[in-house]
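# Residue-level structural notes
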Amino acid sequence: FKATNLALEKANKVKTVEENLKNNVNLDLSEDGNNIKCENKCNVILKSALDYIQKNYRYAITLNGMADLCNISPSYFSKLFKKGIGENFSSYINKVRIKKAKELLEASDVPISNLALDLGFEDCGYFIKVFKKIEGVTPAVYRNEYNVEK
């Protein structure tokens, strides 16, 4: 029984991956209005990874882990991600985290060092660098400008 069940599970996984490879759909990742939209035709294979990233951006997310989640190799996942989303994996995760950071900066007075850790950045300096690269200003300046506009 066990050997037969394992063989059936493997066959079902292969069939699912093959079906996913054949089907491209538009993914709308903005169900709650907080997510970055995928404007390109995205492969169905990426949907589970994109959902995971949206729900778990606070934690360490690796390319290998997402490739495992999608049942494909890391190199193929990387190529598929770049083609489907239009940017590389780490840039996408950083953009998701910075979008969440902006929301938190606007809504709270949490210290930036704590915010960085809460968003999955291991180093506050790296968080500030990434934030400035994407937004053009540091998190502190962003918070101050937002509070002035209020």
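Let us look at the structure shown here. (Residues numbered from 1 in each chain as written. Predicted model: local features only at pLDDT ≥ 70, side-chain atom pairs only at ≥ 80, totals over all residues. Heavy atoms only, no water.)

### Things to note about the nonpolar core
The biggest cluster of nonpolar side chains holds 31 residues, and the ones touching the most others in it are Ile53, Phe77, Phe81, Phe89 and Phe127. The set of elements that each furnish at least two residues to this core consists of helix H2 (44-56), helix H3 (63-70), helix H4 (74-85), helix H5 (89-107), helix H6 (112-118) and helix H7 (124-135). A total of 7 residues in this core trace back to one element, the largest contributor, which is H5. Beyond its immediate chain neighbours, meaning those up to four positions away, Phe81 contacts Leu46, Leu50, Ile53, Gly86, Glu87, Asn88, Phe89 and Tyr92. (Core = buried A, V, L, I, M, F, W, Y, C linked by side-chain atoms within 4.5 Å. Buried < 20%, exposed > 50% of the residue type's maximum accessible area, 1.4 Å probe, protein only. Helix = DSSP H or I, 4+ residues; strand = E, 2+ residues; numbered from the N terminus. Contact = heavy atoms within 4.5 Å.)

### Some points on the packing of aromatic side chains
Going through the model one piece at a time under the given rule, you end up with 8 aromatic pairs. Ring centres 5.6 Å apart and planes at 40 degrees place the aromatic pair Phe77 and Phe81 in the tilted group. Pair noted here: Phe77 and Phe81 are both in helix H4, with a separation of 4 residues, about one helical turn. Each ring, one from Phe81 and one from Tyr92, has its centre 5.4 Å from the other, and the planes form 70 degrees; the classification is edge-to-face. Remark: Tyr92 occurs in helix H5 and Phe81 occurs in helix H4; sequence separation between them is 11 residues. Exposure remark for Phe81: the relative accessible area of 0% places this residue in the buried category. Through pairs of rings, three or more aromatic residues link up here, namely Phe121, Tyr126, Phe127, Phe131 and Tyr142. One residue, Arg97, lies across the ring of Phe121, its end atom 5.6 Å from the ring centre. (Phe/Tyr/Trp six-rings, centres within 6.5 Å; stacked < 30°, edge-to-face > 60°. Lys NZ or Arg CZ within 6 Å of the ring centre and 35° of its normal.)

### Points about the packing of H2 against H5
With their axes 10 Å apart at the nearest point, H2 and H5 run at an angle of 40 degrees to one another. Taken together, H2 and H5 sit at an angle that is classed as oblique. As for the relative orientation of H2 and H5, their crossing is right-handed in sense. On H5, the residues touching Leu50, Ile53 and Gln54 of H2 are Phe89, Tyr92, Ile93 and Val96. Residue composition of the contact of H2 with H5, grouped by class: 6 nonpolar, 1 polar and no charged. (Axes fitted to C-alpha atoms, helices over the stretch in contact; angles between N-to-C directions. Parallel < 35°, antiparallel > 145°, perpendicular 65-115°, else oblique. Left-handed = near helix turned anticlockwise from the far one by under 90°. Nonpolar A, V, L, I, M, F, W, Y, C, P; charged D, E, K, R; others polar.)

### Concerning the packing of H5 against H7
Interaxial distance between H5 and H7 falls to 10 Å at its minimum, and their mutual angle equals 95 degrees. Put simply, H5 runs roughly perpendicular to H7. Listed contacts from H7 to Asn94, Lys95, Ile98, Ala101, Lys102 and Leu105 of H5 are Tyr126, Phe127, Val130, Phe131, Ile134 and Glu135. Within the contact of H5 with H7, the residues separate by chemical class into 8 nonpolar, 1 polar and 3 charged.

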